[in-house]
Amino acid sequence: MALSPLSVGVCSWSLQVKSIPELKAFMDRLGVNLVQIACGDPHHAAWDEGDDMPKSAKAAGFDVGGAMLGFPGEDYTTPHTIQKSGGFGDPALRAERIERLKWALARTRELGLTDLMLHAGFIPEVGDPARKPFLDTLGKVSQLAAEKGVMVAFETGQETSTLLRRTLDDLKCSNLKVNFDPANMLLYDKDDPIQAVERLAPDIRTVHVKDANRPKTSGAWGEEVPLGKGQTDTRTFLLTLKKVGYTGPLFIEREAGDQQQRLNDIAHGVRFIRDVLG
């Protein structure tokens with residue numbers, strides 16, 4: 001699949017759809033033909049089509065720019081709960097999550113794709129004794145993905161871009177990249193998205209376009225808002241992506257509000273991005 005540079009798409013889970021026909025109908029209403037699609041784990045954005053979802057998606061007539069994996073038991077109630085439960089952070093959960101990764105890699109290939117996105121979890125700082133076993137796990141992720149011919153992109157947010165940059169440099173795995181989400185950096189109150197783009201530019205594989213405000217209280221979530229209405233400075237963010245040479249897809253993600261509100265906000269986002277990029 002050859003996409004035009006900076007093609008605008010949507011994340012399937014943002015539309016809270018349960019079937020491929022429902023997804024296609026919403027995409028037609030939005031005027032987009034590109035989606036980043038949830039793998040369909042029963043615990044995260046399951047599909048009515050079940051194991052037939054890849055076949056249905058390939059027959060639907062839209063472009064799919066990568067798959068997204070969510071792990072069972074990830075708890076986003078607060079930043080603290082996701083730190084304990086997210087990605088490969090908990091050593092006790094790593095073995096079963098590696099098995100879930102194997103399933104997602106197979107699902108990615110069934111979809112005819114070579115890109116899988118996921119949250120790695122909170123990366124331990126340099127000098128933390130937990131860092132080596134965590135990086136060893138990410139090395140295993142790289143190995144398993146390479147065996148399937150898949151590129152894995154870790155979503156930003158839980159760590160600073162400096163720490164993620166150092167981690168990718170330490171791992172030296174050519175198939176481990178970045179799924180850049182500027183709003184997550186604000187929701188977790190971790191970094192400045194514009195500076196982070198420049199720091200991570202060589203490894204940005206895909207982008208979630210989302211906006212947010214930083215938390216008002218330490219340890220709480222920030223607030224997700226429609227594009228252009230928060231502290232991400234989405235206009236500058238998009239232009240910075242162009243400046244650093246990013247030409248990949250732009251997937252609008254919206255995770256607040258009911259289905260109709262999300263649809264309205266994503267439609268606004270499509271117009272916003274196209275206005276900025278011309």
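Refer to the structure above for everything that follows.
Throughout what follows, the structure given in this document is the object of discussion. (Residues numbered from 1 in each chain as written. Predicted model: local features only at pLDDT ≥ 70, side-chain atom pairs only at ≥ 80, totals over all residues. Heavy atoms only, no water.)

1. Thoughts on the pattern of salt bridges
With the rule as written, the count across this model stands at 19 salt bridges. The residue Asp170 makes a salt bridge to Arg131 at a minimum N-O spacing of 3.0 Å. Remark: Arg131 occurs in helix H5 (residues 131-148) and Asp170 occurs in helix H6 (residues 161-171); sequence separation between them is 39 residues. Arg235 is the partner of Asp275 in a salt bridge, and the nearest nitrogen-oxygen pair spans 3.6 Å. Residue Asp275 is found in helix H10 (residues 259-277), and its partner Arg235 is found in helix H9 (residues 234-243); the two are separated by 40 residues along the sequence. Assessed through its relative accessible area of 55%, Asp275 is described here as exposed. Beyond isolated ion pairs, a larger network of salt bridges with shared partners links Arg165, Asp169, Lys177 and Asp203. (Salt bridge = Lys/Arg side-chain N within 4 Å of Asp/Glu carboxyl O. Helix = DSSP H or I, 4+ residues; strand = E, 2+ residues; numbered from the N terminus. Buried < 20%, exposed > 50% of the residue type's maximum accessible area, 1.4 Å probe, protein only.)

2. Some details on unusual backbone geometry
Leave glycine aside and you will find that most residues have negative phi; peptide bonds, for their part, are mostly trans. With a phi angle near 55°, Gln16 is a residue other than glycine that sits in the positive phi range. Counting through the fold element by element, Gln16 comes out in the loop between strand S1 (8-11) and helix H1 (20-30). With a relative accessible area of 37%, Gln16 lands in the partly exposed category. Positive phi, close to 60°, is recorded for Asp233, a residue that is not glycine. As for its position among the elements, Asp233 is in the loop between strand S9 (223-225) and H9.

In short, shape yes, function no, at least from these values alone.
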